[in-house]
Amino acid sequence: MAVLHRGLRVGMALLASFMTPACGPEAPEGTGLEVGELGLEVDPAPLPPLNREALRQAIAGLPNAEVSGALVRVTGADGRWLGTSGVADVRTGAPVPADAHFRIGSMTKTFTATVVLQLAAEGRVDLDRPVQDYLPRLLPAGVYAPITVRQLLNHTHGLPGVPVPQKDPEWFFENRFRRFSPRELVSLALPPGPRFAPGTRQEYGNIGYIVAGLLIEQVTGRPYGDAVRERILRPLHLRDTFVPGNDVTIPGRHAHGYEEVTPEDGPCPAGAIPYGTRCLVDVTEASQSVPWAAGEMISTAEDLDRFLVALFQGRLLPRKQLEELFTVPDLPGASYSAGLTRYEINGVLFWGKSGDRHGYNNGMGATRDLRRRLVYSVNTLHMGGDQPAIAARIIAAALQGPSRP
């Protein structure tokens, strides 16, 4: 998932050349309130009008060598645009459904962070208290210094990553349906010792959110997925968003995820699908236990957009905890807050989160005043590499104004 974030950072960097002035802020959709009343930050630089043609061009020409299909949803004060391209199933050629479910990968972290912040608002978790106080036997005493809950959420904890090469195709195919427990993943990660002293650096990874999931379970006495469902999904009526647990399938309408394999000689290997000159393996079904609370969820573009609106409007968190989502540690190169990532392009702030799983590469984000919101999902054909170029094009197009003569 860190690879995807780096790709998203590159994509967002491309936007600087597209930013042009436009009209000022207005109240987010459906609130009936002024931005100032909601306590939302007004972006210092205005947005260009929505460029629908740029969005159409961004996803044209699928399938290609990198991606089999794409889904893009852009909403906000300047209108909305929903587009799909490519195929949902290479066997049948069926188009990508506009309401497709997909694996959201590390966007799960935003849900997990929200639950922890809700517990903080209720006084059940103290963000400045060491996680060792809540999970006293999880981290070896004398090896790991006190790590605060806030440091777990903003990736300044210093814990080493889980040494599981989940993006390596050979490892994936051998372990595709294997179930890891969260504590097993933590125990695999800990032997090398801390990467750095807590609070001195920021280093993105899954381990902090796996521990955060365990923290939720310790405090609530129930599975972390129950907390996500009861505190976020049901109140917001996100009926197409799921915490899958042991279920390896994707419910409802969805585009399949694939991995291209290269035969040594002759026809495609057993289980692979001949597709032109290539061989594809359907990787839609797989265990999501390795990322767990850091990356296992499933959703749709519509549900994720609704979640972003509710989250940014403060409908899920009081103002004090809401600010944690928009507070990046004052450290060199830091860009992550508790559950989100900050991007700044020509003075325009864009807050979001990316995510990927095998066959799926996705992102969601918005200006803090919600004038422009983006959710996209593309179906990749290669795991473990850089983000596909189409993702950068989508992000650029979402903030690109009309072409000048």
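Residues numbered from 1 in each chain as written. Predicted model: local features only at pLDDT ≥ 70, side-chain atom pairs only at ≥ 80, totals over all residues. Heavy atoms only, no water.

Some thoughts on the environment of V186
Positionally, V186 belongs in helix α8 (residues 182–189). For V186, a relative accessible area of 1% gives the class buried. Linking V186 and P160, residues 26 residues apart in sequence, is a C-alpha distance of 9.2 Å. Once residues lying within four places of it in the same chain are set aside, the contact partners of V186 are L138, I207, I210, V211 and L214. (Helix = DSSP H or I, 4+ residues; strand = E, 2+ residues; numbered from the N terminus. Buried < 20%, exposed > 50% of the residue type's maximum accessible area, 1.4 Å probe, protein only. Contact = heavy atoms within 4.5 Å.)

Some points on the packing of aromatic side chains
The geometry of an aromatic ring pair is captured by the separation of the ring centres together with the interplanar angle, meaning the angle of the planes. A complete count under the given rule lists 7 aromatic pairs for this structure. Measuring from centroid to centroid gives 5.4 Å for F172 and F173, while their planes differ by 65°, and the two rings are edge-to-face. Residue classification places F173 among the partly exposed positions, given a relative accessible area of 33%. Where F312 meets F326, the ring centres are 5.1 Å apart and the plane angle is 85°; that geometry is what we call edge-to-face. Placement of the pair is F312 in helix α11 (residues 301–312) and F326 in the loop between α12 (319–322) and β8 (341–345), with a sequence separation of 14 residues. Members of the aromatic cluster, connected to one another through ring pairs, are F312, F326 and W351. Over the face of the ring belonging to Y134 we find R129, whose NZ or CZ atom lies 4.6 Å from the ring centre. (Phe/Tyr/Trp six-rings, centres within 6.5 Å; stacked < 30°, edge-to-face > 60°. Lys NZ or Arg CZ within 6 Å of the ring centre and 35° of its normal.)

Regarding helix α4 (residues 108–121)
Each α-helix turn comprises 3.6 residues. Residues three or four places apart therefore point the same way. Taking 1.5 Å of rise per residue, 14 residues should cover 20 Å, and α4 covers 20 Å from first to last C-alpha, within 8% of that figure. The buried count for α4 comes to 13 of 14 residues, which makes it a mostly enclosed element. The first or second residue beyond α4 is G123, which carries a positive phi of 80°. (Expected span 1.5 Å × (residues − 1).)

Considerations on the state of the cysteines
A disulfide bridge is the covalent bond that connects two cysteines by way of their sulfur atoms. Evaluation of the coordinates by the stated rule reveals 1 disulfide. Paired by a disulfide, C268 and C279 hold their sulfur atoms 2.0 Å apart. One disulfide, between C268 and C279, carries an S-S torsion of -85° and so falls in the left-handed class. Taken together, the residues C268 in the loop between β4 (258–261) and β5 (273–275) and C279 in strand β6 (residues 278–282) connect sequence positions 11 residues apart. Given the relative accessible area of 4%, C279 is considered buried. (Disulfide = S-S within 2.5 Å.)

Regarding the nonpolar core
In terms of nonpolar packing, the biggest core is built from 84 residues, with F111, V116, L153, L159, I232, F307 and F312 touching the most fellow members. In terms of residue count, helix α9 (residues 207–220) provides more of this core than any other element does, 9 residues in total. When near neighbours in sequence (up to four residues on either side) are disregarded, V116 contacts V125, L127, V149, L153, A212, L215 and I216. Core analysis: the next-biggest nonpolar cluster, separate from the first, contains 25 residues, I59, A70, I394 and L399 among them. (Core = buried A, V, L, I, M, F, W, Y, C linked by side-chain atoms within 4.5 Å.)

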